[in-house]
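What follows is each chain in one-letter form.
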Amino acid sequence: PSVDPIHGGFLEELSSGGEFTGREKFLTLQARQVWFFSRVAREGIRPHDSLEAAKSGFDFLVNHFHDSEHGGYFAKVEVNGQPVDRRKHVYPNAFVIYAFVEYYRATRDESALGEAGKLFQVLEEHCYDTKYGGYREFFYDDWRLITDPSEAGYVGAINTKTYNSHLHLLEAFAQLFRETQDPLVGERLAELIDINTLTVSSPNGPFNIDGWNRDWTPVETERNMRASYGHDVECAWLVIDAAEALGRSPATLRNWAESIVAYSLEFGYDERHGGFCYTGPGGKMSDDRKKVWWTQNEAMVAMLLLHQMTGRKRYREAFDGTMQFVFDHQIETDGGWWNTLKEDGSASDNPSRTSMWQGGYHNGRSLIFCEKMLRDNSKSDRDN
């Protein structure tokens, strides 16, 4: 029901009565849905319907979000595809690369892989920071950098670099490199591993912080100097996956991954109710204890992967506790996942199951990947 049968692409916001209410389409959500439907088609889940949905989204991105004059993809369009925010941010553009690679895998449509490669080159030309490394993030449609702090943004403060964006650039480049073996993509991917494991690390403990100035000095605000447990557990498994894409042994990153995940387990995991809280101050227990859907999904993947790598019981226990919380509270029986719940799983003050950020990406990916790991573990147990 999320596919827009009139204009193509995907509808984003659902009212409590089940009616789609949104009047705009956001690049991040549109790209994530293309990835999701492409992936579930590859998994053999309603492949015909899934491929049709993926094609609707792919065509809508190419025909309405793509800037044929300057390159890259606009941030937002109206429901009919007319651009309403022509600015460009590397975060949603990274998801376009991610989506197009997966669409290529599902369809063998060479044009999709070609467009992913072209977008990488556009980001290289306009966003890569040749002086300090990493990527500048937010631009007008002609690729002039946005520096006015009064501008409305999407990810991070204006004119900063963010852990969040560089994490998802790593995610996208890992898949692009797997398909193309392009040396420059590989070089940038290796740099992004360094950035996500070293550069964005907090000086106050084994966790990463989000906001950074161009020269990779931290944005010195109380709000910024906090741990995001969901991002850190997500970072652990995405970095390991990126290393594998480059042909590196995951064992070289195991100690780092265990360290950053151990911090999230110590200060962010809810032993009483299960699941991970949202954020917290450095070196202290979480003081923002709401349960957000994407945090639980990334935690499930990370816990299972580390259990698979190390055999440590603690990771499997955290996976089981998080999964139980999700199944008991986060998944709505009428469809969808609740975005945010209170610590004990009760409804938040603003319950929602859809938004411009929330599609099938985090939860769909988590369930697919976790099922695969559980099957692999089961087979390994039988073989032994």
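Quick caveat: nothing in here was measured; it's all calculated off a predicted structure.

K.L.:
For a nonpolar patch on the surface, give the residues involved together with the corresponding values.
P.N.:
On the surface, a cluster of nonpolar side chains totalling about 250 Å² of accessible area is made up of Phe327, Ile331 and Leu367. Along the chain, Phe327 falls in helix H10 (residues 313–330).

K.L.:
Tell me about the pattern of salt bridges, and name the residues and values.
P.N.:
A full pass over the atoms with the stated rule returns 34 salt bridges. Of the charged contacts, one joins Glu102 and Arg42 as a salt bridge, the two residues approaching to 2.8 Å between their closest N and O atoms. On the criterion of sequence distance, the pair formed by Glu102 in helix H3 (residues 90–107) and Arg42 in helix H1 (residues 27–42) is long-range, its members being 60 residues apart. Classification of Arg42 as partly exposed rests on a relative accessible area of 40%.

K.L.:
Could you give an account of the side chain of Thr322, naming the residues involved and the relevant values?
P.N.:
Assignment of secondary structure puts Thr322 in helix H10. Classification of Thr322 by relative accessible area gives buried; the value is 0%. Within the structure, the side chain of Thr322 is placed 2.8 Å from the backbone oxygen of Ala318, a separation counted as a polar contact. Beyond its immediate chain neighbours, meaning those up to four positions away, Thr322 contacts Tyr269, Gly275, Phe276, Gln296, Ala299 and Met300.

K.L.:
Tell me about the nonpolar core, residues and numbers included.
P.N.:
Ile97, Phe173, Val261 and Met303 are the most contacted members of the largest nonpolar core, which totals 107 residues. The element that contributes the greatest number of residues to this core is H3, accounting for twelve residues. Those residues in contact with Val261, other than ones at most four positions away along the chain, are Val233, Ala236, Met303, Leu306 and Tyr315. The next biggest cluster of nonpolar side chains, apart from the first, holds five residues, and it includes Val292, Trp293, Val326 and Trp337.

K.L.:
Describe helix H8 (residues 254–268), and please don't skip the residues or the numbers.
P.N.:
Given 3.6 residues to a turn, an α-helix orients residues that are three or four positions apart in the same direction. The terminal C-alpha atoms of H8 lie 20 Å apart, and with 15 residues this matches the ideal 21 Å at 1.5 Å per residue to within 8%. Taken residue by residue, H8 has Trp256, Ala257, Glu258, Ile260, Val261, Tyr263, Ser264, Leu265, Phe267 and Gly268 as its buried positions. Elements in contact with the buried residues of H8: helix H6 (183–199), strand E8 (226–228), helix H7 (229–245), strand E9 (279–281), helix H9 (293–310) and H10.

Rules used throughout
- Residues numbered from 1 in each chain as written.
- Predicted model: local features only at pLDDT ≥ 70, side-chain atom pairs only at ≥ 80, totals over all residues.
- Heavy atoms only, no water.
- Patch = residues over 30% accessible without salt bridge, like charges linked within 9 Å, V, L, I, M, F, W, Y side chains within 5 Å.
- Areas by Shrake-Rupley, 256 points an atom, 1.4 Å probe, with all protein chains shown as cover.
- Salt bridge = Lys/Arg side-chain N within 4 Å of Asp/Glu carboxyl O.
- Helix = DSSP H or I, 4+ residues; strand = E, 2+ residues; numbered from the N terminus.
- Buried < 20%, exposed > 50% of the residue type's maximum accessible area, 1.4 Å probe, protein only.
- Polar contact = N/O pair within 3.5 Å; in protein donor to acceptor, adjacent residues only side chain to side chain.
- Contact = heavy atoms within 4.5 Å.
- Core = buried A, V, L, I, M, F, W, Y, C linked by side-chain atoms within 4.5 Å.
- Expected span 1.5 Å × (residues − 1).

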